[in-house]
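One letter stands for each residue in the lines below.
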Amino acid sequence: MSDVLDRPDIGHNSDDDLKVVGTRPIRPDGADKVTGRAAFGADFNMAGQLVGKVLRSPHAHARIVSIDTKKARALPGVKAIITGADFPNLADEFHEGGEAASNLRDLAMNVIARDKALYDGHAVAAVAATSSAVADEALALITVTYEVLPHVQEVEAAMAPDAPLLHARMFTEGLEARPDKPSNIAKRNRLARGDLDAGFAAADVIVEGRYTTQAVHQGYIEPHACVASWAADGQCYVWSSSQGQFMVRTYCAKVLGLEISNIRVTPAEIGGGFGGKTTVYLEPLALALSRQSGHPVKMVMTRDEVFRATGPTSGSVMIVRLGAKSDGTIIAADVELKYQAGAFPGSPVGAGSMTALACYDIPNFRITGWDVVTNTPKVAAYRAPGAPISAFAVESAVDDLALKLGLDPIAIREKNAVRDGMKASYGPTYQNIGYVETLAAAKASAHYQIPLGPNQGRGVAVGFWFNIGGESTAAVHINEDGTAVVVTGNPDIGGSRASMAIMAAEALGVAVEKVRPIVADTASIGFSMLTGGSRTTFATGMAVVQAAEKVVAELKRRAALTWDVSADLVAWQEGAAHCLDPAKADKPPMSLEALAGQSARTGGPISAQVSLNAQGAGPGFAAHICDVEIDPETGGVTVLRYTAAQDVGKAIHPAYVEGQVQGGVAQGVGWALNEEYIFDREGKMENAGFLDYRVPVASDLPMIDAILVEVPNPRHPYGAKGVGEVPIVPPLAAVANAVRAATGVRMCDLPLSPPKIRAVLDAKEG
Amino acid sequence: MAHVVAPSDCRQFTGGLAEFDVEADTVRRLITALEARFPGLGDYIDRRMAIAIDGEIHQDAWSSPIGADSEVYLIPKIGGG
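Residues numbered from 1 in each chain as written. Chains lettered and ligands numbered in written order. Predicted model: local features only at pLDDT ≥ 70, side-chain atom pairs only at ≥ 80, totals over all residues.

## Section: the overall build of chain A
Here is step 1: Within chain A, the regular secondary structure consists of 20 helices and 28 strands.
Here is step 2: On C-alpha atoms alone, chain A measures out to a radius of gyration of 27 Å, which is about the 27 Å that the 2.2 N^0.38 rule sets for 766 residues.
Here is step 3: Across its three principal axes, chain A shows a C-alpha extent of roughly 90 × 75 × 50 Å.
Here is step 4: Out of the 766 residues in chain A, the part that is buried amounts to 57%. (Helix = DSSP H or I, 4+ residues; strand = E, 2+ residues; numbered from the N terminus. Rg over C-alpha atoms; globule rule 2.2 N^0.38 Å. Buried ≥ 20, exposed ≤ 12 C-beta atoms within 10 Å, placed from the backbone.)

Quick look at the structure:
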């Protein structure tokens, strides 16, 4: 495994040389998915399996005094009952398992509560029974004695000195001095540059706003599901839907105190993740139930459980103050971000802080982020975690600045745009970024010229995301007939099988239909970090290309053996070996099929595997334009047009890149207009279902036009950058700015649902 | 000497120092040097931080080279959705 990868010299980096990269073949898993043959998490079954179900806390905050399972255990058909007492107490330590390190103690206590239930829906016990009905009956027979505690869910309320305390051992990190008493504030982070006071003093114009967003869920269609089997010899098997089978293996091993070699995890197809399936909820419970019962155990969440017990992203309160010269040059920015973490520390406020001003070159700024625990489900990652939230506040304020100065909203962003060689607000110097190109593409779009009608408004917003690389393994096997199999360890969430096949086909010089991509279980391919952070096409793709290159080198060696020439006198072009020895110019090219057919005589099977830790993922930028129309009677908002320009590096499969952009926008529109967690006075979620938690459906959205701006990443063999995160960053503000333009009133509290719009219009009408 | 810039959460180990020069030609040697100079910082970086070298973010990459005049920013590790 190598840590640092230079750009491989594969000799076909220009667009003119590419035969397969940049084309739009049908996805290899497409037929399975449209015909229903694809096996998702809940589709897997084993002989003798039991049904596992979870008893969840009905209280937002309560001490668990006792759990009496005697009656439930006596119920015929009940084979196992577990509580937190069945799991080891883990140390307060961070461990790499998903994309970033997680606190194992918190992770384990989120899987199943120990002394306290910290949110409505927190798992308290679980049963395995011979049927769903028996499992339900058993849950009803478990008696949990709670001491109900005061709860706190709003982020600023949780920060108050007298707020109910979730964790008595938690002292705020990141302050100048360690506080002398615990609080719900897990951490403060701060980024700063220049002289903030001098910046504001020199400003001709200052705008300021207080913005709020609500917790929203990733809204993946497929609920969490798994089957787990703990065999008599201690070997464990898990089949589950997740963003990373290796992540599931690692976390199950840690939560249960197992050796990793004793767990094999097979990834099911995944019906959406968006970051929400980068941790475990059911898998350790199912394994513990299987251990106790001696049977495989299947667990499938209901939608109610998905909302109540899995991680949404943070709700927030934000304050933004911007100062600018009269020509629109922004010279000062003060941003304060307060993010809900849910029941355990770890909101995405760090990334929210780092991305908040990442599109702007501002000489004086201060960004302060607060990570605050609340009696709500522990947040999980959600596309570009933290960035859409802070972008909503900053981009709204920039829009206000443009309005105040009478400037075009794209022009003010161009004037203050970061470019290569400038320092990012989070520190490093940018290189190979395509931000101003996305602004130019948005400005030149037909959309931006379309006149607007009554009650209509246009909004512009921009966004940034880092993108990451990381550890990946890929293998390329050549079959006896010259076709190829590409094996990776990354679940295919957004069409990555197609991307892997395209890149392998390009490197091998064969048609993409000759390459079959496979996602393997944890025992069949080397370690790969999970599919997330827009890393798979970049990092795993790099491993695929390098493995294919090793295969090509081996094919050339075997052709040289056949022709009895030196290997450096063999060229590989268009899927065939060509003899370059002038003395043997009559040798016809040898195809991949021919070389594969004689592989036994030239050294045996032809295959290669590459493991790497990819660095150099290029950051992504986007510029969005949104047109809305307000219904003055109902306050409803219709999105009329939406255009998203994004720097994608090089689009390996343009249709799936466009799909990523469109999907991110759709989710962002839902976040802006309708989606929110609503809690009652007792802290229980009131809208834990898709009837009451309103995500946009196809009829709510126009065709979203994606403009792919290609500024190649020199660190990837074909120039790819991550594309799945940044599309969700601008939409919250783009929609809000469009609503501002349509109504003439700045609305700072998401979602911009019809009652809020109607109230604004009522106030305006007097 | 590489010029290192540390964010606020690393300054608990540096006595509040935000910028300093370090002799190191790889990430591993940088971490070792920082741990020797500011006990606890090397371990903290290993667990929590990514390292941006001349603008490019490196995560868990001990062998990544650092140039004699490189700009090194310590930033929190990046994940995603």
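What follows continues from the structure just given.
## Overview of the packing of helix H18 (residues 654-673) of chain A against helix H19 (residues 731-743) of chain A
All names here are of chain A.
Here is step 1: Where H18 contacts H19, the two axes come as close as 8 Å, and the packing angle between them is 55 degrees. One finds that H18 runs oblique with respect to H19. As for how H18 packs across H19, the hand of that crossing is right-handed. On the side of H18, the interface is formed by Val665, Gly668, Val669, Trp671, Ala672 and Leu673, while H19 contributes Pro731, Leu732, Val735 and Ala736.
Here is step 2: Residue composition of the contact of H18 with H19, grouped by class: 9 nonpolar, 1 polar and no charged. (Axes fitted to C-alpha atoms, helices over the stretch in contact; angles between N-to-C directions. Parallel < 35°, antiparallel > 145°, perpendicular 65-115°, else oblique. Left-handed = near helix turned anticlockwise from the far one by under 90°. Contact = placed C-beta atoms within 7 Å. Nonpolar A, V, L, I, M, F, W, Y, C, P; charged D, E, K, R; others polar.)

## What about the nonpolar core?
One recurring pattern in soluble globular proteins is that nonpolar side chains are buried together.
Residue and element names in this part refer to chain A.
Here is step 1: With 272 residues, the main nonpolar core has Val127, Val238, Leu285, Ala504, Val544 and Val735 as its most contacted residues.
Here is step 2: For this core, the element with the most residues is helix H15 (residues 536-563), which contributes 12 residues.
Here is step 3: Discounting residues that sit within four places of it in the chain, alanine 504 has contacts with Val476, Ala484, Val486, Val515, Val544 and Ala548. (Core = buried A, V, L, I, M, F, W, Y, C linked by C-beta atoms within 7 Å.)

## Here we look at the interface of chain B and chain A
Here is step 1: With 28 residues of chain B at the interface, the matching set in chain A holds 38 residues.
Here is step 2: Every element with two or more residues in the side of chain B that touches chain A is listed here: helix H3 (41-48), strand S4 (56-58) and strand S5 (71-76) of chain B.
Here is step 3: When residues in the side of chain B that touches chain A are grouped by element, the largest group, 4 residues, is from S5(B).
Here is step 4: Here the side of chain B that touches chain A is composed, by residue class, of 11 nonpolar, 9 polar and 8 charged.

## What about the packing of helix H14 (residues 496-508) of chain A against H15(A)?
Residue and element names in this part refer to chain A.
Here is step 1: It is at 9 Å that the axes of H14 and H15 come closest, and there the two elements cross at 30 degrees. Comparing the axis directions of H14 and H15 gives the class roughly parallel. In this structure, H14 crosses over H15, and the sense of that crossing is right-handed. Packed against H14, whose contacting residues are Ser496, Ser499, Met500, Met503, Ala504, Ala507 and Leu508, the element H15 presents Thr536, Thr537, Thr540, Gly541, Val544, Val545, Ala548, Glu549, Val551 and Val552 at the interface.
Here is step 2: Residue composition of the contact of H14 with H15, grouped by class: 10 nonpolar, 6 polar and 1 charged.

## A few points about the pairing of strand S14 (residues 297-300) of chain A
Residue and element names in this part refer to chain A.
Here is step 1: With 3 bridges joining them, strand S1 (residues 50-56) and S14 adopt parallel strand pairing. In the sheet register, valine 51 faces S14, and the bridge partner there is lysine 298.
Here is step 2: Examined bridge by bridge, strand S11 (residues 225-230) and S14 share 4 bridges and lie antiparallel to one another. Within S14, the residue paired with alanine 228 across the bridge is valine 297. (Pairing = 2+ DSSP bridges.)

## Examining the environment of A:Asp705
Residues and elements named next belong to chain A.
Here is step 1: Relative to the assigned elements, aspartate 705 resides in strand S28 (residues 704-709).
Here is step 2: Residues aspartate 705 and glutamine 662, 43 residues apart in the sequence, show an inter-C-alpha distance of 7.6 Å.
Here is step 3: Excluding anything up to four places from it in sequence, aspartate 705 contacts His447, Tyr642 and Thr643.

## Description of the confidence of the model for chain B
All names here are of chain B.
Here is step 1: Considering every residue of chain B, the mean pLDDT works out to 92; 100% of them sit at 70 or more.
Here is step 2: Summarising per-element confidence for chain B, the mean pLDDT is lowest in helix H1 (residues 11-14) (90) and highest in helix H2 (residues 27-37) (96).
Here is step 3: Here the complex is predicted with pTM 0.96, and the ipTM for its interfaces comes to 0.92. (pLDDT = per-residue confidence, 0-100.)

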